[in-house]
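The residues making up each chain are set out below.
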Amino acid sequence: MIPSPGSLPRRMTVRLRLTLLYGGLFFAAGLLLLTVAYVLVTNILENLPFTVQPTEPGAGLTQQQAEAFARAFIKGVQHRLITQSAFALLGVGLIALALGWFVADRALAPLQKVTATARKLSESTLHQRIALQGPDDEIKELADTFDAMLDRLSQAFDTQRRFVSNASHELRTPLAINRTLLEVAVTDPEASEDMKTVGKTLLANNARHERLIEGLLLLARSERELTNRTPVDLGEVASTVLKTAVRGDRPDIEVKSELTDAPTVGDPVLLEHLVSNLLDNAIRHNVDDGMVVVRTGVLEGWATCQVENTGPVVPAYEVQSLFEPFRRLHTDRIESSKGAGLGLSIVRSVVSAHGGTVIATPREDGGLIVTVRLPHA
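Residues numbered from 1 in each chain as written. Predicted model: local features only at pLDDT ≥ 70, side-chain atom pairs only at ≥ 80, totals over all residues. Heavy atoms only, no water.

An unreviewed UniProt entry lists the protein under the name histidine kinase, from Actinoallomurus vinaceus. Recorded under Catalytic activity (unreviewed entry), the UniProt text for the protein is reproduced unchanged: "ATP + protein L-histidine = ADP + protein N-phospho-L-histidine." According to the UniProt record, the Subcellular location (unreviewed entry) comment for the protein reads "Cell membrane". (UniProt positions renumbered as here; feature names shortened; annotations may be inferred.)

Chemist: For this particular structure, what's the right way to read the pattern of salt bridges?
Modeler: When charged atoms on two side chains of opposite charge get close, those side chains can pair. The full count for this structure, using the stated rule, is seven salt bridges. The salt bridge involving Arg 373 is made with Glu 300; its shortest N-O contact spans 3.1 Å. Here the residue Arg 373 occupies a position in strand E7 (residues 368–375), and Glu 300 occupies one in the loop between strand E4 (291–299) and strand E5 (302–309), the gap between them amounting to 73 residues. Of the charged contacts, one joins Arg 363 and Glu 308 as a salt bridge, the two residues approaching to 2.8 Å between their closest N and O atoms. Taken together, the positions of Arg 363 in the loop between strand E6 (357–362) and E7 and Glu 308 in strand E5 put the pair 55 residues apart, joining distant regions of the chain. Residues participating in the shared-partner salt-bridge network are Glu 258, Arg 295, Glu 308 and Arg 363. (Salt bridge = Lys/Arg side-chain N within 4 Å of Asp/Glu carboxyl O. Helix = DSSP H or I, 4+ residues; strand = E, 2+ residues; numbered from the N terminus.)

Chemist: Please clarify how the packing of aromatic side chains should be interpreted in this entry.
Modeler: Aromatic rings considered in pairs are described by the distance between their centres and by the relative angle of their planes. A complete count under the given rule lists one aromatic pair for this structure. Arranged with centres 6.1 Å apart and planes meeting at 80°, the rings of Phe 26 and Phe 27 form a pair that is edge-to-face. (Phe/Tyr/Trp six-rings, centres within 6.5 Å; stacked < 30°, edge-to-face > 60°.)

Chemist: Would you mind going over the pairing of E7 with me for this structure?
Modeler: If a strand is regular, its side chains alternate between the two faces of the sheet. Bridging between E5 and E7 involves eight bridges; their strand directions are antiparallel. Residue pairing across strands places Gln 306 opposite Thr 371, the latter belonging to E7. Pairing of E6 with E7, which is carried by six bridges, proceeds in the antiparallel orientation. In the strand pairing of E7, Thr 357 is matched with Arg 373. Counted along the chain from E6 to the antiparallel partner E7, the turn is five residues long, and its residue Gly 366 has a positive phi close to 110°. (Pairing = 2+ DSSP bridges.)

Chemist: What is the right way to look at the packing of helix H5 (residues 234–244) against helix H6 (residues 268–284) in this model?
Modeler: The relative placement of two packed helices is expressed as an angle between their axes plus a distance between the axes. At a minimum axis separation of 9 Å, H5 and H6 run at an interaxial angle of 55°. Taken as axis vectors, H5 and H6 run oblique relative to one another. For the element pair H5 and H6, the recorded crossing hand is right-handed. Seen from H5, the contacting residues are Leu 234, Val 237, Ala 238, Val 241 and Leu 242; seen from H6, they are Leu 271, Glu 272, Val 275, Ser 276 and Leu 279. When grouped by side-chain class, the residues that make up the contact of H5 with H6 number eight nonpolar, one polar and one charged. (Axes fitted to C-alpha atoms, helices over the stretch in contact; angles between N-to-C directions. Parallel < 35°, antiparallel > 145°, perpendicular 65-115°, else oblique. Left-handed = near helix turned anticlockwise from the far one by under 90°. Contact = heavy atoms within 4.5 Å. Nonpolar A, V, L, I, M, F, W, Y, C, P; charged D, E, K, R; others polar.)

Next up, the structure:
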């Protein structure tokens, strides 16, 4: 059966175009065949000898009456031939359209697989391949070319991540040495006040650089394919993070929690960093005497963690840019001691590695509502 008009796609898809092409060619061939049959039947009938038997003995027909009878007979046959053939052509044509619709879908199935794979790809899922099986035709050649491109992209991203990871590891050692030397200098009783002031400033700057390096390492790790997948409860993870969170620089922020079970499957360490970064971001970018609410639970079949905070007003058009590395509201680079600018970037990377989604929504009174949804266990 041909799909109803309501079920047809609104745009002219390749499947619909192929179906119309198949149907158009069938009707054209049917009309041509009907025309040839009409000409042949007419030619045969016109060359047949007609003998008219009188209904009564002794009655006869003139030549003109016999010819008129023959013409009427031929026209009747032609009319029945055209009428019945047209109905047959219409019925078989509708069947051909329905078959063309399903044949086109089967023929385009490999292309649909290519499209589905491309939609699922991101930097953390470049390991997926189409691996199309079937005859060595143009579609398989396209799929193989796409797989080869993915191999090159995967190698390029792996090389980039290894570079970031190796560079970060190399930078950790000198930063640790600098921190030790500065701490010794600051605690030296013979050091002058000016020396201690400079030392404390350098220590703060060194700590910020260490946070940046740790963030880069975590970002590089979270963008790799997950190797550790275990059952995890986001509610339990959030509870642990809330108990161990250090808020020495913002003790005025009130943190509330509304935690229920939110089971999922993933890397527990990365998920703990995810919740920790959300909480840290909500606390750092807040107003004086502000508020943070952490919620977990199952929403619409997804394990969900939501962090809401008060803070400065965030324009809707700047929300997505906050997930980019080294980006903050109204700034592109690090201009303060509020952090390395990697918190939400790490969150997005961890969520993507777990096959979830993250959405940030501005609050009317200022601040953000960041909602993370992961596949339910």
